[in-house]
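Breakdown of the fold
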Amino acid sequence: MKDINIARVISENRKLKGITQDELANYIGVSKSSVSKWETAQSYPDITFLPQLASYFNISIDELMGYEPQMTKEDIRNLYLRLSNEFYEKPFEDIITYCQEVIKKYFSCYPLLYQIGVLLFNNSNLANNEKRMKEIIVEAKKLFIKIKNESDDIELVKQAFYMETLSLITLGYPDEVIKLLDESNSLVMSVEILLGKAYQMIGNTDKAKETLQIEIYQYMRTLLQLLHSYLSLFIDDEKQFDEISKRFLTIANIFNLDKLKPDALLPFYLTLAHGKIVNRNTDKALEYLENYTRIATGNIYPLKLKGDDFFTLIDKWFENFPIGTNPPRNEKVIKQSMYEAVVNNPNFSTFEDNTQYKNLVMKLRNNC
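Summarised in this report is the structure supplied together with it.

Quick notes on the rules
- Residues numbered from 1 in each chain as written.
- Predicted model: local features only at pLDDT ≥ 70, side-chain atom pairs only at ≥ 80, totals over all residues.
- Heavy atoms only, no water.
- 1 Å grid on protein atoms, 1.4 Å probe; cavity = no way out; pocket = protein on both sides within 12 Å on 5 of 7 lines; lining within 4 Å.
- Points joined across faces, edges and corners; volume = space filled by probe spheres on them.
- Helix = DSSP H or I, 4+ residues; strand = E, 2+ residues; numbered from the N terminus.
- Nonpolar A, V, L, I, M, F, W, Y, C, P; charged D, E, K, R; others polar.
- Phe/Tyr/Trp six-rings, centres within 6.5 Å; stacked < 30°, edge-to-face > 60°.
- Lys NZ or Arg CZ within 6 Å of the ring centre and 35° of its normal.
- Expected span 1.5 Å × (residues − 1).
- Contact = heavy atoms within 4.5 Å.
- Salt bridge = Lys/Arg side-chain N within 4 Å of Asp/Glu carboxyl O.
- Buried < 20%, exposed > 50% of the residue type's maximum accessible area, 1.4 Å probe, protein only.
- Axes fitted to C-alpha atoms, helices over the stretch in contact; angles between N-to-C directions.
- Parallel < 35°, antiparallel > 145°, perpendicular 65-115°, else oblique.
- Left-handed = near helix turned anticlockwise from the far one by under 90°.

**A look at the layout of surface pockets**
Put simply, the second largest pocket is a space of about 150 Å³. Taken together, Leu 81, Ser 84, Asn 85, Pro 302, Leu 303, Lys 304, Asn 326, Pro 327, Arg 329, Asn 330 and Glu 331 form the lining of the second largest pocket. The element that contributes the greatest number of residues to the lining of the second largest pocket is helix 6 (residues 73-89), accounting for 3 residues. For the lining of the second largest pocket, a count of residues per class yields 4 nonpolar, 4 polar and 3 charged.

Encoded structure:
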């Protein structure tokens, strides 16, 4: 990440051209001391000299000023990971202010704006009250809308659109989400099937396997998320609830989700526990909370995206993500959220005096 640094650029380009400060001063029509001050950042060239200097060095005015309106992929990743940690370690409002400064500085760097939006959304729960939390989510939503309306990157636009709708759901605006999405249902067609076939036809079977593995992984994750959402609609229908649960767990077991991405099972176990409480099966509810706690406090850290014995070709794909294989939030924040998802859940208030439940809560708290 680079700041404006015209002093360094003038000095470096003058030396590359093999001229003295006197020669540059004579060409521009200023004194040698003026050039010296420019190169030591004691003063800056008058704005009217910028085109002349840029032309003399055969560079653009942006290059002359050392100004980078875009950040590299590596810079974005490093900034995201640093800020993700600082959200936990430093005052919340200080980091929000810094994020706002970065947004202003790189207002046309859409990959960066997307990651800042995700960062704000994922850490909004650290705000000191619900009103402030919603304000932060609204800020993030504005970034996603800007990206959706202005970026030429189709994939980034899709991701921004998804995050916009997720923000609306979190803010409690279901009507707006329906308005945005209700017409979007269409036949699901995977171009990766054709792409994999094309790679196979030209003899590049390794690329065909990689392409299809990535698609299988994404569809598997999406199917499990759909089943989880579907499950929550049948809390008061025990028979259907159990059938959906069985199918979810079957798919999760087939793909070894407890090892591939164990944290993805956590919200599912919370929903299972809730459903069993509604159906007055407290023993089963506690069993599911045991499973939740076992995973949350188990040997799953550091949380990283990774393949396994089936998904043998997706690690490189993960590494190319904007934040690499890292989770979107600081690990301590994640553990705290795992704890709060249980203790702040009104569905589990019936267990307040239950010894087994208290022990689970203690394990989750110690895990923080």
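**Quick notes on the packing of aromatic side chains**
Under the counting rule described, the total for this entry stands at 19 aromatic pairs. Between Phe 255 and Phe 310 the ring centres are 6.0 Å apart and the planes differ by 80°, which places this aromatic pair in the edge-to-face class. Of the two residues, Phe 255 sits in the loop between helix 14 (238-254) and helix 15 (257-260) while Phe 310 sits in the loop between helix 17 (282-296) and helix 18 (315-319), which places them 55 residues apart along the sequence. By the ring-pair criterion, three or more aromatic residues cluster together here, those being Tyr 217, Phe 255, Phe 310, Phe 311, Trp 317, Phe 318 and Phe 321. In this structure, Lys 17 is placed above the aromatic ring of Tyr 56, and the distance from its NZ or CZ to the ring centre is 4.9 Å. If you follow Lys 146 out to its NZ or CZ, it ends over the ring of Phe 107, 3.8 Å from the centre.

**With respect to helix 16 (residues 266-278)**
Turn by turn, an α-helix covers 3.6 residues, leaving residues three or four places apart pointing in a common direction. With 13 residues, helix 16 should cover 18 Å at 1.5 Å per step; its first-to-last C-alpha distance of 19 Å lies within 8% of that length. On its buried face, helix 16 sits against helix 13 (205-231), helix 14, helix 17 and helix 19 (331-343). Downstream of helix 16 by one or two residues, Arg 280 has phi in the positive range, about 60°.

**Focus on the environment of Ser 60**
Structurally, Ser 60 can be placed in the loop between helix 4 (50-57) and helix 5 (61-65). Separated by 10 residues in sequence, Ser 60 and Leu 50 place their C-alpha atoms 9.4 Å apart.

**A few points about the pattern of salt bridges**
Applying the stated criterion across every chain, the model contains 20 salt bridges. Between Glu 135 and Arg 132 there is a salt bridge, with the nearest N and O atoms lying 3.0 Å from each other. A residue pair is termed a helical-turn pair when its members lie 3 or 4 positions apart in one helix, as Glu 135 and Arg 132 do in helix 9 (residues 130-150) at 3 residues. With relative accessibility at 32%, the residue Glu 135 sits in the partly exposed group. As a salt-bridge pair, Lys 246 and Glu 243 come within 3.5 Å of each other at their nearest N and O atoms. Within this pair, Lys 246 and its partner Glu 243 are both found in helix 14, separated by 3 residues, close to a single helical turn. What emerges from the salt-bridge pattern is a single network uniting Glu 93, Lys 131, Arg 132 and Glu 135.

**Overview of the packing of helix 17 against helix 20 (residues 355-367)**
At a minimum axis distance of 10 Å, the contact between helix 17 and helix 20 shows a crossing angle of 15°. When the axis of helix 17 is compared with that of helix 20, the two are roughly parallel. The way helix 17 lies across helix 20 gives a crossing that is left-handed. Here helix 17 contributes Leu 286, Leu 289, Glu 290, Tyr 292, Thr 293 and Ala 296 to the contact with helix 20, which in turn contributes Gln 356, Tyr 357, Leu 360, Lys 363, Leu 364 and Asn 367. Class assignment for the residues of the contact of helix 17 with helix 20 results in 7 nonpolar, 3 polar and 2 charged.

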